[in-house]
Each structure stands twice: as C-alpha cells, then as structure tokens.
Amino acid sequence: MTITGAVSRASLAEAKERLEAAISSADLAELGGDLFAVLHLIDREHGLRRAVSDPARDGADKAQLARILLEGKVSPAALGLVAEVVRLRWSKPSELADAVETLAVTAEAARAEADRRLDDLEDELFRFSRVVEGEPELRGALSGPGLPDERKLGVVNALLDGKVTAATLALVTELVLRPRGRSLEGGLAEYGKLVAQRRQRLVALVRTPAELPEAQRTRLAAVLAAAYGHDVHLNIEIDPTVIGGMSIEIGDEIIDGTIAGRLDDVRRRLGTG
C-alpha cells in the first residue's frame, strides 16, 4: 500500500489546501496527532470508513457524521479539517484513509517547519531508515510480532527521545505501531518523501488591498508553480496601503504589480526617483 495510491488527485489536492488553511491557526503540537487518531479510527472501523467515504452519500451528511463522532475528542482545527475532507469525493474507502495519513504527516512536517527544524526532520527520518536497514535485529524487534506495542514504544523512546525532533519521534512511533501493511523501511521512505515535498515547495507572500477570490488564488498559484518549477503556497496578506494590483515576494525576489510599484519604476527610468 502507498499513501497516495489511487487517491483522487483532485480531492487530495483540495484536502491539502484545506490543511494549509488550518495550519495557519492550529496548534501544530496537536494537529498531526489528532489526524493520526482519526486515521486509526477509520482504519479500525470499516463501516465508518465506508460511510464517510461513500461517493453516493451527501457531503453534508458525511461531515455531520464526522462531527458527531469526533466532537470533543480532537482539537477544533482537526475536527473542522476532517469534516471538510470527508465532504470531498473519494472513489473508495482506502483513498480517504490514505489522504488522512498524508495530511497527518504533512501536519507534522509543518510543525517541524514552524520550529525551523524541517531539514532536521528529513535528515533524521533518512538516518533512522539507514540504521534500521543495517540492524536486522532492531528491524525485527520493531517490525515483528514478537514484542508487544508497549515494548516497541520503549525501544523507540530509548533510541530517539530527546535526540530527535518531536515530529521525527511522532512519525517513527506511528510507523512502528501502525505500519498499515508496509515494511518499516518502506514507511520511512514514504514519510520522507512527503517531508521532502514540503521542504522543496516555495512560499509566496502576496500583499493585496483586498481578499483574493479562491479562483484567482488557484490561478496565481498555478502560474507561479509553472514559472518556478515547484508547488507554490500562497500566504495572503491584506494590506490597505497597496495601491492597486498586488505585490508578490518569493525568497529574495519581489514581483511588484502594484500601481505604486509601477510609478516607482517609471521614476527610476526617468531618473527622478
């Protein structure tokens, strides 16, 4: 099984956009854990998984069912996100479960990013995968049925607690206790790819005098992604002092489409600025 597998690309892309919106106001120390808790629930309860992923069922009904089941058990940010995600169209139940796992891993990556430890997270997952590959006894202990979960957790904590980022510990623990049909090395590789995707993406700070409609945001992100060769996440800043158009900052580059920016450019060309 792979995380993305046959997941509807359109629904997964929209789910990721919903996650980014939630990240801006969520407690990142709990969002990933809450999403993993939801994943455990829908993996365990097959009837529930079918009910909230049924493409023939009304989206509002599915969202309401999710809210009834999860109210008070996960954070408001996780609850709202899951309710929105189950509204989307998933062609089979496993797609929804895989999408929730993708969101949970991405939330942990965002947690490391907020702590300025995203590079550490990627490196730690890679190094731990190499340790597991090189130590057959360790791999057997963490992956085999011989040790109960409590002992496996103890081994993971002894190896990593206090030595790696909180996100690394959370992701390795998840894979050890709930591999979802994968080898430990395979799971680490998949999680590593998701973390790398977040590290490689670009963030554009867009200053605009008014809120951008969703369609305009989507078009802008697509244009910038095509120009820079990477996915681009938009951070929108409403700035009433911007006079017409918008200003876009990506790294050290500023794309100024405002009236003020164009006037400044004219002044520089005339030598009067």
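Please read all numbers here as calculations on a predicted model, not as lab measurements.

Details of the environment of Pro-179
Mapped onto the elements, Pro-179 comes out in the loop between helix 10 (166–177) and helix 11 (184–200). The partly exposed category is assigned to Pro-179, whose relative accessible area is 33%. In this structure, the C-alpha to C-alpha distance between Pro-179 and Val-38, residues 141 residues apart in sequence, is 15 Å.

Here we look at helix 10
Compared with the 16 Å implied by 1.5 Å per residue over 12 residues, the 17 Å span of helix 10 between its first and last C-alpha is a close match. Burial analysis of helix 10 places nine of its 12 residues in the buried class, which makes it a mostly covered element. Considered for burial, the residues of helix 10 that qualify are Ala-167, Thr-168, Leu-169, Leu-171, Val-172, Thr-173, Glu-174, Leu-175 and Val-176. In this structure, the buried residues of helix 10 make contact with helix 2 (28–44), helix 6 (93–114), helix 7 (118–134), helix 8 (136–143), helix 9 (149–160) and helix 11.

Section: the pairing of strand 2 (residues 232–238)
Every other side chain in a regular strand lies on the same face of the sheet, so the side chains alternate between the two faces. Bridge count for strand 1 (residues 202–208) against strand 2 is seven bridges, and the pairing is parallel. Note that in strand 2 the partner of Leu-205 across the bridge is Asn-235. Considered for its hand, the β-α-β crossover made up of strand 1, helix 12 (residues 214–228) and strand 2 is right-handed.

Let's talk about the packing of helix 6 against helix 11
Closest axis-to-axis distance for the helix 6/helix 11 pair is 9 Å, and the angle between their directions is 55°. Judged by the angle between their axes, helix 6 and helix 11 are oblique. In the packing of helix 6 onto helix 11, the handedness of the crossing is right-handed. Every residue of helix 11 that contacts helix 6 at Glu-101, Thr-102, Val-105, Thr-106, Ala-109, Ala-110 and Glu-113 is listed here: Tyr-191, Leu-194, Val-195 and Arg-198.

Describing helix 5 (residues 76–87)
The terminal C-alpha atoms of helix 5, which comprises 12 residues, lie 17 Å apart, in line with the 16 Å expected from a rise of 1.5 Å per residue. Within the span of helix 5, buried status applies to Ala-78, Leu-79, Gly-80, Leu-81, Val-82, Ala-83, Val-85 and Val-86. Lining the buried residues of helix 5 we find helix 1 (9–23), helix 2, helix 3 (46–53), helix 4 (59–70) and helix 6.

What counts as what
Residues numbered from 1 in each chain as written. Predicted model: local features only at pLDDT ≥ 70, side-chain atom pairs only at ≥ 80, totals over all residues. Heavy atoms only, no water. Helix = DSSP H or I, 4+ residues; strand = E, 2+ residues; numbered from the N terminus. Buried < 20%, exposed > 50% of the residue type's maximum accessible area, 1.4 Å probe, protein only. Expected span 1.5 Å × (residues − 1). Contact = heavy atoms within 4.5 Å. Pairing = 2+ DSSP bridges. Right-handed = clockwise from strand over helix to strand, strands pointing away. Axes fitted to C-alpha atoms, helices over the stretch in contact; angles between N-to-C directions. Parallel < 35°, antiparallel > 145°, perpendicular 65-115°, else oblique. Left-handed = near helix turned anticlockwise from the far one by under 90°.

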